Amino acid sequence: MSGRLLPVLLLSLCLAVGSVQSQGSSQDAFIIQYLERRLSQMEERLNHCEQNTASLTQKTYDISSEIRGYLSAVSALRSEVKSQVDGVSVRVERVERELEYLENKIPTQTDIEIEEALLEQQIKAAELDQLKKKAKIKMEKDCSAALTQIKSLKIVKKVGDTSGSWFKDPSEGSAKVYLLSGIRNNTVLEYVSLQSFAERITTPPAKVLQLPFHWQGTGHVVYNGFLYCHKADTPNQIQKVDLLNGTVVDSTLIPGAGHVPVYGLNLNTYLDMAVDELGLWVIYADPEYGGNLVITKLDKGTLAVEYTWDTQCRSRDAEGAFLICGTLYVVYNIHYGGRSTIQCLYDIHDTIHSVESPVMFFPKRYTSHSSIHYHPGDKQLYAWDDGYQTIYKVETRVNDQTTAE
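Presented here is an overview of the structure given in this document. (Residues numbered from 1 in each chain as written. Predicted model: local features only at pLDDT ≥ 70, side-chain atom pairs only at ≥ 80, totals over all residues. Heavy atoms only, no water.)

**Here's the deal with the overall build of the protein chain**
Alright, step 1. The helix and strand inventory of the protein chain stands at four helices and 20 strands.
Alright, step 2. Here the protein chain holds 405 residues, and 40% of them are scored as buried.
Alright, step 3. A separation threshold of at least 6 residues defines the contact pool for the protein chain, and within that pool the share at least 24 residues apart is 52%.
Alright, step 4. When the accessible surface of the protein chain is summed, it comes to about 23400 Å², and 56% of that surface belongs to carbon and sulfur atoms. (Helix = DSSP H or I, 4+ residues; strand = E, 2+ residues; numbered from the N terminus. Buried < 20%, exposed > 50% of the residue type's maximum accessible area, 1.4 Å probe, protein only. Contact = heavy atoms within 4.5 Å. Areas by Shrake-Rupley, 256 points an atom, 1.4 Å probe, with all protein chains shown as cover.)

If you want it as structure tokens, here you go:
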């Protein structure tokens, strides 16, 4: 009996062990499934965190870009406000000068019963004061010429770009000719004379002057061996350069200038320098006066502003201008090229008026002038016409009213 009992016990033991193992496998599987679910949840949370982090990074970048845009706008606004403040300061100074002019011209009468002799004395004193002020803009020799006709045309040469500037040094005893080709460069060509420039093969060859900066536009002049030009990448800075060694000896900023091109048909020139019998000038357009032209007299030595005049001559449809004896003559044309005419003038002495002067025509030529420079010694205009270097002779008459003054 004991022999049968032993196999039964062994069978029972095996069944019990199998049951325990089966229970253990079920628990392990449950734990593994639990851990897998937890890992999956953690992975989802990590992915969510990564997405949130990427979104925050993008938002931070967007905000940074927006702030940089605001800073740029603020910087531009600051520059604009500074420019406007400078413009207002210039206007205030101009108004103060005009008020001073009126106060001196019309003496204040503090006593209603002022004696007639004293009143006459005050008027004479005021007139004398005005004459002294006019004497600030004084010429070294008689200057009573008024333009009557553009007499003749001579094409000297064709060289360089379609736009440019050429002229003679108007100082006494100088025969040198200068050429600045294009609308932006740092090169100046110097010729010993007009005859040398006109030759097909220049003898001696032109002297090439390399400046330490770039000029822009076509409104340059040479006066007493110094180049006066608009420095590139600046709105209103004029440089004075000694052409003997190419060094900058002085510079100045023209208040209120450089906002718009000086001439509607010459969009690359913002400052136009000019020389006449009275000295050195700069012409520019002022948007605050409807885009009309403004002329400023400069001291050729120090570049200090001596006086400024607002004119009624518009810059729209203008291609150039020049001065003769303190009178501004503005040249107009059409956009696709035509015959140039002088339709507006402004005399600082108030003796010549546009309404009293007929329209003056230039001789027929190619397209449109990119620069026009008057030479007070030769009584000629040196113009750049679509790459052609051209000379116009001018006729003048004695302005009786100016002489009478």
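**Brief notes about unusual backbone geometry**
Alright, step 1. At D317, a position not held by glycine, the phi torsion is positive, near 65°.
Alright, step 2. Counting through the fold element by element, D317 comes out in the loop between β13 (305-314) and β14 (318-324).
Alright, step 3. With a phi angle near 55°, K379 is a residue other than glycine that sits in the positive phi range.
Alright, step 4. Here K379 shows up in the loop between β18 (369-375) and β19 (380-385).

**Let's talk about the pattern of salt bridges**
When the charged atoms of two side chains lie near each other, side chains of opposite charge can form a pair.
Alright, step 1. Using the criterion set out here, one finds seven salt bridges in the structure.
Alright, step 2. One salt bridge connects K151 with E395, and the closest N-O pair in it is separated by 3.7 Å. Residue K151 is located in strand β1 (residues 145-158), and its partner E395 is located in strand β20 (residues 388-398); the two are separated by 244 residues in the primary sequence.
Alright, step 3. The exposure class of E395 is partly exposed, given its relative accessible area of 28%. (Salt bridge = Lys/Arg side-chain N within 4 Å of Asp/Glu carboxyl O.)

**Quick notes on the pairing of strand β2 (residues 164-168)**
Alright, step 1. Buried residues dominate β2, accounting for five of its five residues.
Alright, step 2. Burial along β2 is two-sided: G164, W166 and K168 facing one way and S165 and F167 facing the other are all buried.
Alright, step 3. Here β2 runs beside strand β3 (residues 177-181); their pairing, made up of five bridges, is antiparallel. Residue K168 lies in a different strand from β3, and its bridge partner there is V177. (Pairing = 2+ DSSP bridges.)

**Overview of the sheet that holds strand β10 (residues 272-276)**
Alright, step 1. The four strands are arranged β10-β11-β12-β13 in an open sheet whose pairing can be described as antiparallel. A strand with exactly one partner marks an edge of an open sheet, and here the two such strands are β10 and β13. Each strand of the sheet is rotated relative to its neighbour by a mean of 30°, with strand direction disregarded.
Alright, step 2. Direction of pairing for strand β12 (residues 292-298) relative to β13: antiparallel, over a ladder of six bridges. Looking at β13, one finds that K297 is bridged to Y307. (Axes fitted to C-alpha atoms, helices over the stretch in contact; angles between N-to-C directions.)

**A closer look at the packing of aromatic side chains**
Alright, step 1. Summed over all chains, the structure comprises seven aromatic pairs.
Alright, step 2. Judged by centre distance (4.9 Å) and plane angle (80°), the rings of Y191 and F197 are edge-to-face. Across the pair, F197 and Y191 agree in class, each one buried.
Alright, step 3. Within the aromatic cluster, the residues linked to one another by ring pairs are W166, Y191, F197 and Y382.
Alright, step 4. Over the ring of Y388 we find K158; its NZ or CZ atom is 5.2 Å from the centre of that ring.
Alright, step 5. A cation sits over an aromatic face here: K297 above W281, 5.9 Å from the ring centre. (Phe/Tyr/Trp six-rings, centres within 6.5 Å; stacked < 30°, edge-to-face > 60°. Lys NZ or Arg CZ within 6 Å of the ring centre and 35° of its normal.)

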